[in-house]
Structure formats: C-alpha cells, structure tokens
Amino acid sequence: MAATGNGRADAPVDRWERLEQALELVPLEHQKAALGDAGRGRGSFALLDQRDLAEETAGDHGPDEPPLALDPNGAVDDHIERVGGAALLDQDLARPRVDLASERGDGLKAALIEVGEEWDGTQQVDLLAHVVREHSVRPAYTGGEPQAPEDRMLDRPAQLPYDRPSDPAKRHSAALTDGADRAPARAMLKAIGFTDEDLAKPIVGVATAWIETMPCNFNQRRLADFVKVGIRAAGGTPMEFNTIAVSDGVSMGTEGMKASLVSREVVADSIELVARGHLFDGIVCLVGCDKGIPGAAMALARLDIPGLALYNGTIYPGVYKGKREATIVTVFEAVGAYRAGKMSLEELYEIENVACPGPGACGGQYTANTMSTALEFMGISPGGLNAIPAEDPDKDEAARRSGEIVMDLVRRDVRPSAIVTRDSLENAIASVAATGGSTNAVLHLLAIAHEFGIELSIDDFGAIADRTPIVADMVPGGRFTAADIYEAGGIGLVARELLKKDLIHGDAATVDGRTLAEVANAAVETPGQQVVVSIEKPLKPVGGLTILRGSLAPDGCVAKLAGHERRQHRGPARVFDSEAACFEAVRAQAIKPGDVVVIRYEGPVGGPGMQEMLSVTAALVGEGLGEQVALITDGRFSGGTHGLMIGHVAPEAALGGPIGLIEEGDEIVIDVDRKALDLEVPDEELDRRRARWNPPAQRYPGGVMAKYSALVSSASLGAVTTGSRMNAAIARG
C-alpha cells in the first residue's frame, strides 16, 4: 500500500485485508454504570467507521503494542480514546475508501459490533478492512519547480458504469448519475468516496438539524449513521445533509425568540432545496426541536418523494428532591418563584443543574412531543418509533429501521401524498386534543395541510377537540412526561382508546405499511401504568384546546384548556406592546389577581415571528397568579404553558386587528362555553380608536425577518410564507 516517490499509488487496490490485530472494545470507568442502565445505555450496537482506525501519524505497528481502546458510547460521536496504534496507517487513509465489516465480510459500510447492556469486560472483535485505492497519494511540496504528476492507467471494470441500465427506483437520481454525460457529476461524488456501485443505487437524503445550541437535536448525527446503515442494507445510497434549528427554550424571553417560527420556514425551504438540487429518490428527516418537526413535514409535502420523519426523541426528566419529574418548564417557573421571594437562589441553581440531564427535546407534552405524537398519528412517522426517548438503547435501532422503511417506500413509490390525507390530519388533531398537547399544533398542522393542498380550517380543531376527551395525563396539564408514556406502552395506547369510540380513522395508512389501527392494536401496555386512562373514564370529557371567536378575535384564536378548570373570566385589560415590556411588569409584581394581560404586536407580521410567551406565563405561575389571571396575545404560547391562556388572536395588531385597539382598563370577557372572546367597548368608541390608529414601523428593515414579515400569512391560516401574500407578490411581478 505504500506510495512511490513520484506520488502514484503502486497499483489500483480493491481487496479485503484482515487487520493485523484484533480491535479491543474496552468500557471506560465512567461508562460502566451507563452501560448497565437500560434508561441511559448506548444500546445493543456500537457503530465504528474508518475514523475509528485512523492513526495520528504514520508508522508500523510493533507486535507488543496494545490494541485500540474505544469508548463504545463515543465511537459514533468521534470522542474516541486512543491507546496504541491501529492496523491501518495514515497513508492508507489519505484518499482511499476504507470500509469495515465483520468476520463474515458482509460488505456493510460500517461494522456493527454487538455490546450487551450488562457488558463490563472487553470484547475481541476481528475485523476485515475493505481497501479501495484508485487515487494518487502526492508528497508534500518541498520547493523548486512543481512537477506534473505522471499519467496513470487504472484497471477498468469489466463493464463501464455508463452502459448499466438505470435502477427503476432511481426515478429522480438517474438524471444526476446515469450515462456518460453525467461523468462530471460522478467525478465530484467519487472525490468524497462514492463508488460506481453506490451511484447505481437509489439516492436517499438524510436530513439532520444537529447543532450545539440545544440538547433537542444533539443525538441526530449519531442517529443519522444508523439511518444510513439501514438504507445501505436495504439497497440504497444515503447522502447526509443538514438544516438549521433555533431553540425556543434557550432563546425564550429574548429577541432571539422571534427567530423560532421563522426557522420553520427555513427548515422547510432548505430541505426542499437540497432534495430538489440533488434529485433524491427518497428522504429521511431527523427532527427534534419544535419547528424542525413541522418544517420537515412541510418539505415532505412540497417534494412528494418517498420519505418519512423520525423524531430523535424526548429528553429524560430530571430528578429533583428525589422525584423524576423536572423539565425545562420547572426552571422557568422556578425563576418566577424566586422573583416572588418563594425560592432561594441556591434552590433555583439546583433546579437549573438537574432539569435537563441529557440529549433530547423538552420532556413534557410540549410542542416537540405534541408534534412527534401528531406525526405518528398522521402516519408520516413509523408507528412507535418517535416516542422512544433520545437516550433509550432502542433509539439507534429505530433509526436503522427507518432507513429500511424509506427504501421500501422508494421501491414501491409510496409518496407522502398517499399517506397524509384529510383523515390522517384529523387523526393528528385528535392526538393533540387527547394528550392535552400544545396549542402550537394548530399553527403547524394548518401549515402542513396547506403544503399538502388539503383544506383544513382553525374551526376544525375546535370541532375535533370538543368531541375528543383527554386520556393521557401528561405535563404540563397533568402529571407525567413523554418518557413516562413511552414506558407505559407508548402513544399507541392513546390511539387504542380513541378507536374504542371511533374518534380516529383506524384505516389511515402509515409509512411503515400498517394502518393506525394496527399500530394501536400492537401496543403493549405496561401493567399498572397510570399515564393513559380508559376512555370510559377520561381525565376530561373534551380535549385540551378550543377555538374562540368574537369582537376581539373575528378570525379566531386558540385557548388552552388543559391544566386548569376555568371556562369564564372577566377582567380589566393590562396592555403591553411587547413580551419584554410585559415580563418587566410581571417581575415588578405589577399584575394583580383578576387582570387580563394583553401582549400585542407579537404576531407573525408584527413580531415578526410570533414569539412564545413562556417567560411571562411561567413567571405568573411562579408568583402564584396562574389561576387568577388570563393572558391574551396575537403571539404564541409555549407548549409548556398552562392556565387560561389565549393565543394566535387574529387579525393581529400589526394588521389592524381589534387587539391593537385595546386600551388600559378595558373590560375583556372570555367565555369558553360560548366560544367567545369579546372586548366590551362600544362600537362607536372602537371606530374612533381605529381612525387614530397607525400601523407600527417595521422592527426589522431588512434581512430574513423583514422578508418573513412581508410574506407570512395570518396565524389563523398557519402563518405560512407560501400563501396569499406570496401569491399577491408574484402577481405584482
């Protein structure tokens, strides 16, 4: 394998070689407990690739050198403990293709090395290395006149790839890779390791939103490796790419929160662009933080190529004072308690340190877990796989299985438009209502329906929620986290209960080939679980949200009903033109029992970006006012919010909606039973105020925020940027 002095490889190489010494997997001291903990273990496989065998410097191996020691948790994440050398030298890894496989030589792109959960010894694993070298290895330039490399002739395959018939499943990528005219594209792809065999197979995109700004998506790079193993095993060629994410939990209460909803559109746009630009035959979208989930579903709708979304999983709850129930909302509410003098700084700091124990999206039935549930009920995620927590050992296998599933969809040409229908969207809405889920689901499911071209209105949510009881006792309105419902038997238990009363369409298809009814019937209930109750004895007779209209919200708004019992409230308006101004008033304890807090100019256009109000609502709860005040906004509420909170008021203030006409002390009436939100001000007075009203100046003069503000639709239509305002702009030319 040595390179000659002129920089050429001695000869093309394509062979399997046994590594000179076995690879020894050694659990490090700090990992022994984790490997034995089913709740936090690495799982049944450690994934190795050629980087795990790379030498820092070239050199031969002595017979007495110790084997390579790898942390099986870190192998995928490149946090590798190296001891001694490995059998491959760095010049062997300079520009070849190196695959690993087991003793069987089964040709996997990466070796799967079994590691038992109770494993605490070492495991000797014989590996074979498949080395393919067709590139010259050029020496470093040392001065003088550069010399042109000598021409080299490589052995040709028996049949040139240009003559090979296209795989019928390469419905799109054949135009990118097949035939002599595509030699330039093939050359580019071979530069990063793809072979003729790879390019002859269907190409499947693997989208991730891995980012170091949050725990929500932090395991996606690892899961992507397992998705790719599944795709390759099923006869496809995966190509991984990334999109963006903005953390609601991290940015909450700052100007950065305005970027959150905007990111949904960027996620959808970027996935669509990459898939269109590279002519993928299929796609798997790994999703985690709130806006990435609907963003990916919107992209799947636009592309309509075989694909699915896999949720990377919920975070485990933190343990505080001996109870495993702390979430990020616990921290927000602790801030309010501290400000009210009900908690010490030391207690706040302790909660901060335990609430988020590892990777995964926020742990209650907040927006991420609500949308994860909705996507399973919608059928665009494989049944039972989304609910597996991020650090559960089975999540890696779920990712691998998703890679296999997408290849089945590609072969059969089963597209998202065949899965997502009016019935499946109604199933998704029912799942939100039955679990007391986030009101943000209204916004996101409207947007997904819009992209699929399926008629769905804000009033449909009210009608479905009114007939759907709450059967899952989940945070924030209940007692249990998303990890708890998985351990109880999964969200299939919820579907099972709803099927008993024909509240969902059991014959709706899912991407894994089963109907929703089959997914529900396959659920295995954990004996004695208390998370999901019988529909004959529901937690509440109606769902966790409803739609209100009235003089204050002619185009509708969303009220959250989970987590409180109030259905009427009347009180004086406390008016704030931004979330920040309201939070300062809450910190100053200027909000009193009975008040109706109004936060406006935070809608899709006015914000822009419709930021969430968790800092305010959590602070009110922390101060003990959660059951004594109401809050109304043209912005949004976090999925972690509980109490009488009304969001998505439309039309929004920035577009001249009545919420922009409220003055301090005006009487506001909320009546859930009448489905009404009214401002008790005479019409003549409102007309005078309207005549004096002027739209506020744009908060952002340019950039992505201004572009979003110019295109985004009303919240009552899903706050999409591909709606009527975009069409009007196109019509204007």
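So, here is what we can say about the structure in this document. (Residues numbered from 1 in each chain as written. Predicted model: local features only at pLDDT ≥ 70, side-chain atom pairs only at ≥ 80, totals over all residues. Heavy atoms only, no water.)

### A few points about the overall build of the protein chain
1) Next: For the protein chain, the count of helices and strands is 24 helices and 22 strands.
2) Next: Counting the 733 residues in the protein chain, one finds 57% classified as buried.
3) Next: For the protein chain, long-range pairs separated by at least 24 residues make up 76% of all intrachain contacts whose partners lie at least 6 apart in sequence.
4) Next: Working note: accessible area of the protein chain is about 29100 Å², and carbon and sulfur atoms make up 51% of it. (Helix = DSSP H or I, 4+ residues; strand = E, 2+ residues; numbered from the N terminus. Buried < 20%, exposed > 50% of the residue type's maximum accessible area, 1.4 Å probe, protein only. Contact = heavy atoms within 4.5 Å. Areas by Shrake-Rupley, 256 points an atom, 1.4 Å probe, with all protein chains shown as cover.)

### Brief notes about the pattern of salt bridges
1) Next: In total, this model carries 49 salt bridges according to the counting rule given.
2) Next: The residue Arg-164 makes a salt bridge to Glu-197 at a minimum N-O spacing of 2.8 Å. Placement of Arg-164 in the loop between β8 (128–133) and α2 (174–177) and of Glu-197 in helix α4 (residues 196–199) is noted, with a sequence separation of 33 residues between them.
3) Next: Arg-164 sits in the partly exposed class, given a relative accessible area of 33%.
4) Next: The exposure class of Glu-197 is partly exposed, given its relative accessible area of 44%.
5) Next: Ionic pairing is found between Glu-525 and Arg-496, a salt bridge with its closest N-O pair at 3.0 Å. With Glu-525 in the loop between α19 (516–521) and β15 (545–550) and Arg-496 in helix α18 (residues 492–500), the pair connects residues that are 29 residues apart, well separated along the chain.
6) Next: A residue is classified by how much of its surface remains accessible, and Glu-525, at 34% relative accessible area, is partly exposed.
7) Next: Through salt bridges that share partners, Glu-663, Asp-666, Glu-685, Arg-688, Arg-689 and Arg-692 make up one connected network. (Salt bridge = Lys/Arg side-chain N within 4 Å of Asp/Glu carboxyl O.)

### Details of the layout of surface pockets
Once rolled over the atoms, a probe with the size of a water molecule shows which space is left empty.
1) Next: Its boundaries defined by the atoms lining it, the second largest pocket holds a volume of some 450 Å³.
2) Next: Elements that contribute at least two residues to the lining of the second largest pocket include exactly β14 (323–326), α9 (328–339) and α21 (614–622).
3) Next: When residues of the lining of the second largest pocket are assigned to their parent elements, the largest contribution, five residues, is made by α9.
4) Next: For the lining of the second largest pocket, the class distribution of residues is eleven nonpolar, five polar and five charged. (1 Å grid on protein atoms, 1.4 Å probe; cavity = no way out; pocket = protein on both sides within 12 Å on 5 of 7 lines; lining within 4 Å. Points joined across faces, edges and corners; volume = space filled by probe spheres on them. Nonpolar A, V, L, I, M, F, W, Y, C, P; charged D, E, K, R; others polar.)

### Points about the environment of Arg-415
1) Next: Within the fold, Arg-415 resides in the loop between α12 (394–412) and α13 (416–419).
2) Next: Sequence separation between Arg-415 and Ile-380 is 35 residues, and the spatial gap between their C-alpha atoms is 9.8 Å.
3) Next: Those residues within four positions of Arg-415 in sequence are excluded, and the remaining contacts are Asp-304 and Pro-306.

### Brief notes about the nonpolar core
1) Next: Of all hydrophobic cores here, the largest spans 108 residues; its most connected members are Ile-271 and Leu-445.
2) Next: Every residue in contact with Leu-445, bar those within four places of it in the chain, is listed here: Met-371, Ala-374, Met-378, Leu-425, Ala-428, Ile-429, Val-432, Leu-456 and Phe-461.
3) Next: Core analysis: the second largest hydrophobic core is formed by 37 residues, Cys-557, Met-610, Ala-653 and Ile-668 among them. (Core = buried A, V, L, I, M, F, W, Y, C linked by side-chain atoms within 4.5 Å.)

### Quick look at the pairing of β14
1) Next: Bridging between strand β13 (residues 318–320) and β14 involves three bridges; their strand directions are antiparallel. Paired with Tyr-320 across the strands is Lys-323, a residue of β14.
2) Next: Once β13 ends, the chain turns through two residues before running back antiparallel as β14, passing Lys-321 with a positive phi of about 55 degrees. (Pairing = 2+ DSSP bridges.)

### A closer look at the packing of aromatic side chains
1) Next: Enumeration over the complete set of coordinates arrives at two aromatic pairs.
2) Next: On the basis of an interplanar angle of 35 degrees and a centroid distance of 5.8 Å, the ring pair of Phe-241 and Phe-280 is categorised as tilted. Here Phe-241, found in strand β10 (residues 237–242), pairs with Phe-280, found in the loop between α7 (259–277) and β11 (282–287); they are 39 residues apart in sequence, far enough to count as distant. Here Phe-241 matches Phe-280 in class, with each residue buried.
3) Next: In this structure, Arg-221 packs its charged tip against the face of Trp-210, placed 4.5 Å from the ring centre. (Phe/Tyr/Trp six-rings, centres within 6.5 Å; stacked < 30°, edge-to-face > 60°. Lys NZ or Arg CZ within 6 Å of the ring centre and 35° of its normal.)

### Quick notes on the pairing of strand β9 (residues 203–208)
1) Next: When you tally the buried positions in β9, you get six out of six residues, the bulk of the element.
2) Next: The two faces of β9 match: Ile-203, Gly-205 and Ala-207 on one face and Val-204, Val-206 and Thr-208 on the other face are all buried.
3) Next: In this sheet, β10 lies alongside β9 in parallel orientation, the contact comprising six bridges. Bridge pairing in β10 places Val-206 opposite Glu-240.
4) Next: Running through helix α5 (residues 220–233), the crossover from β9 to the neighbouring parallel element β10 is right-handed.
5) Next: In this sheet, β11 lies alongside β9 in parallel orientation, the contact comprising four bridges. Looking at β11, one finds that Val-204 is bridged to Gly-282. (Right-handed = clockwise from strand over helix to strand, strands pointing away.)

### What about the environment of Leu-445?
1) Next: Its place among the elements puts Leu-445 in helix α15 (residues 440–452).
2) Next: Judged by its relative accessible area of 0%, Leu-445 falls in the buried class.
3) Next: Between the alpha carbons of Leu-445 and Ala-428 there is a distance of 8.1 Å; along the sequence they are 17 residues apart.

### Re the side chain of Asp-666
1) Next: Assignment of secondary structure puts Asp-666 in the loop between β20 (645–650) and β21 (667–671).
2) Next: Residue class for Asp-666 comes out buried when judged on its relative accessible area of 10%.
3) Next: Polar side-chain contacts of Asp-666 include one of 2.8 Å to the backbone nitrogen of Glu-663.
4) Next: In contact with Asp-666, not counting residues within four places along its chain, are Gly-571, Pro-572, Ala-573, Leu-661, Leu-679, Val-681 and Arg-689. (Polar contact = N/O pair within 3.5 Å; in protein donor to acceptor, adjacent residues only side chain to side chain.)

### Remarks on the sheet that holds β9
1) Next: If you walk across this open sheet you meet the four strands as β10-β9-β11-β12, and the pairing is parallel. Each edge of the open sheet is held by one strand with a lone partner, namely β10 and β12 (307–311). The mean inter-strand angle of the sheet, taken between neighbouring strand axes irrespective of direction, is 20 degrees. (Axes fitted to C-alpha atoms, helices over the stretch in contact; angles between N-to-C directions.)

### Focus on the packing of helix α11 (residues 367–378) against α15
1) Next: As a packed pair, α11 and α15 sit with axes 10 Å apart at the nearest point and diverge in direction by 40 degrees. Comparing their axes, α15 and α11 come out oblique. When you trace α11 past α15, the crossing you get is right-handed. On α15, the residues that touch Thr-367, Thr-370, Met-371, Ala-374 and Met-378 of α11 are Asn-440, Ala-441, His-444, Leu-445 and Ile-448.
2) Next: Per-class residue counts for the contact of α11 with α15 are six nonpolar, four polar and no charged. (Parallel < 35°, antiparallel > 145°, perpendicular 65-115°, else oblique. Left-handed = near helix turned anticlockwise from the far one by under 90°.)

### Focus on helix α20 (residues 579–587)
1) Next: Restricting attention to buried positions, one finds in α20 the residues Glu-579, Cys-582, Ala-585 and Val-586. Angular distribution of buried residues about the axis of α20 spans 120 degrees; they occupy a single face of the element.
2) Next: Close packing links the buried residues of α20 with β17 (568–576), β18 (596–599) and α21.
3) Next: In the stretch just after α20, Gln-589 is the one whose phi turns positive, near 55 degrees. (Arc of directions from axis to C-beta.)

All quantities given are derived from atomic positions and should not be read as evidence of function.
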